[in-house]
Every structure is written in structure tokens, then in C-alpha cells.
Amino acid sequence: MRYYKKAKDMMDMDATEFIGGVSEGEIERAMKSLSVAFPESYKAFLMDFGGGDAGGEVILGLTNREEDDVVIATQMERRQGLPENLIIIGFWQDTLVCLDTGRMNHGECPVVEVGEDYSQTEVAADSFGKFLYEYVEEE
């Protein structure tokens, strides 16, 4: 969580367009819909920001809009063969960016980049918080 807190402190709110935080109940419903547990840092992000544009790239959240809702996007890709343990949090540079909830460890899981055939290409960060921190730091 320390990386998430650092990322949150570093975010340039003038360069972001988030929908606004969501409730714990909304997060619980989303996790139930996807039959997974979200990592703690991603839940904090959802409660603080909900999802949206983080300075150029969209981080999927709970928006109820097809183009940027984590539940809708993940369910659509699952119908095409996305493994159940992967939760899509972004479509960046023609790559799916996913939480690998099958590798949960102490309330966190890695963020992975996934190819078109749903094979994992590489670990982008060992947690969502670190992923967000590294993204914000680059901007």
C-alpha cells in the first residue's frame, strides 16, 4: 500500500479525469460478479478515484460505461477466452494490462501484460500500487 499512497500523493489532478470514488458495497458487488478478490491497492484506488484517465491512459474501474468499466471489459474478454484469474485494468499500446488474482499474496497480486492470445507476456509490477506509482512517476 505504500506505493499506492505515494502514487496518490504524486498525481497531478489537473492531468487526470477520474469519475470519483465508489463505495465498498460497489466494490464487493464487482468482485462477486467476477468471482475474484481485488488486491488492496486496487480497492483503495476504486474508493478514492473510481477509475478513469490517469494522465493519458485509462485505468479501468467501476464506471458502468462499457469502454472503461473493469467488470464489463473483463466479462467481455472472458467470453473470448481470458482466463478467470485475470482482471483487465487497461488496454495500453495494444496490450491488455491485467491484475493476476491467481497470484494473490498478502492482499496484493502482480500486474501483468497479456498478449492477444491471452498468454502472459511479462510482469509489469508486483502490485497495482507499484504499477500506478511507476506510471505516475514517469508522467
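Undergrad: Can you explain the packing of aromatic side chains? Please cite residues and give values.
TA: As enumerated under the stated definition, the model contains nine aromatic pairs in all. Between the aromatic rings of tyrosine 42 and phenylalanine 45, the centroid separation amounts to 6.1 Å while the plane-to-plane angle is 20°, which identifies the pairing as stacked. Of this pair, tyrosine 42 and phenylalanine 45 both sit in helix α3 (residues 40-48), separated by three residues, roughly a single helical turn. Judged by centre distance (6.4 Å) and plane angle (40°), the ring pair of phenylalanine 128 and phenylalanine 131 falls under tilted. Residue phenylalanine 128 and its partner phenylalanine 131 are both found in helix α5 (residues 128-138); the two are separated by three residues, about one turn of the helix. Its relative accessible area of 0% is what places phenylalanine 128 among the buried residues. Judged by relative accessible area, which is 9%, phenylalanine 131 ranks as buried. Pairwise contacts between aromatic rings join Phe18, Phe38, Tyr42, Phe45, Phe49, Phe128 and Phe131 into one cluster.

Undergrad: Kindly report on the sheet that holds strand β2 (residues 52-54), identifying the contributing residues and their values.
TA: Taking strand neighbours across the sheet as the criterion, the three strands line up as β1-β2-β3 in an open arrangement whose pairing is antiparallel. Sheet topology places β1 (16-18) and β3 (58-59) at the edges, where each strand pairs with a single neighbour.

Undergrad: Before we move on, could you go through the pattern of salt bridges and cite the residues and values that matter?
TA: In the structure shown here, the tally under the stated rule is six salt bridges. Between lysine 8 and aspartate 48 there is a salt bridge, with the nearest N and O atoms lying 3.2 Å from each other. Highlighted residues: lysine 8 in helix α1 (residues 2-10) and aspartate 48 in helix α3, separated in sequence by 40 residues. Here glutamate 67 ties to arginine 65 by a salt bridge, and the two come within 3.5 Å at their closest N and O atoms. The structure contains a network of salt bridges with shared partners spanning Arg65, Glu67 and Asp68.

Undergrad: Tell me about the environment of methionine 31, and please be specific about residues and values.
TA: On the secondary structure map, methionine 31 appears in helix α2 (residues 24-34). The spatial distance from the C-alpha of methionine 31 to the C-alpha of valine 71 is 8.4 Å, given a sequence separation of 40 residues. Dropping the residues within four chain positions of it, methionine 31 is found in contact with Val36, Ala37, Phe38 and Lys43.

Undergrad: Let's hear about the nonpolar core: which residues, and what values?
TA: Phe38, Tyr42, Phe45, Phe128 and Leu132 are the most contacted members of the largest nonpolar core, which totals 45 residues. Looking at which element gives the most residues to this core, the answer is α5, with six residues. Beyond its immediate chain neighbours, meaning those up to four positions away, phenylalanine 45 contacts Tyr4, Phe18, Gly50, Gly51, Ile59, Leu60, Phe128 and Leu132.

Conventions and cut-offs
Residues numbered from 1 in each chain as written. Predicted model: local features only at pLDDT ≥ 70, side-chain atom pairs only at ≥ 80, totals over all residues. Heavy atoms only, no water. Phe/Tyr/Trp six-rings, centres within 6.5 Å; stacked < 30°, edge-to-face > 60°. Helix = DSSP H or I, 4+ residues; strand = E, 2+ residues; numbered from the N terminus. Buried < 20%, exposed > 50% of the residue type's maximum accessible area, 1.4 Å probe, protein only. Pairing = 2+ DSSP bridges. Salt bridge = Lys/Arg side-chain N within 4 Å of Asp/Glu carboxyl O. Contact = heavy atoms within 4.5 Å. Core = buried A, V, L, I, M, F, W, Y, C linked by side-chain atoms within 4.5 Å.

Interpretation note: all reported values are geometric properties and have no functional meaning in isolation.
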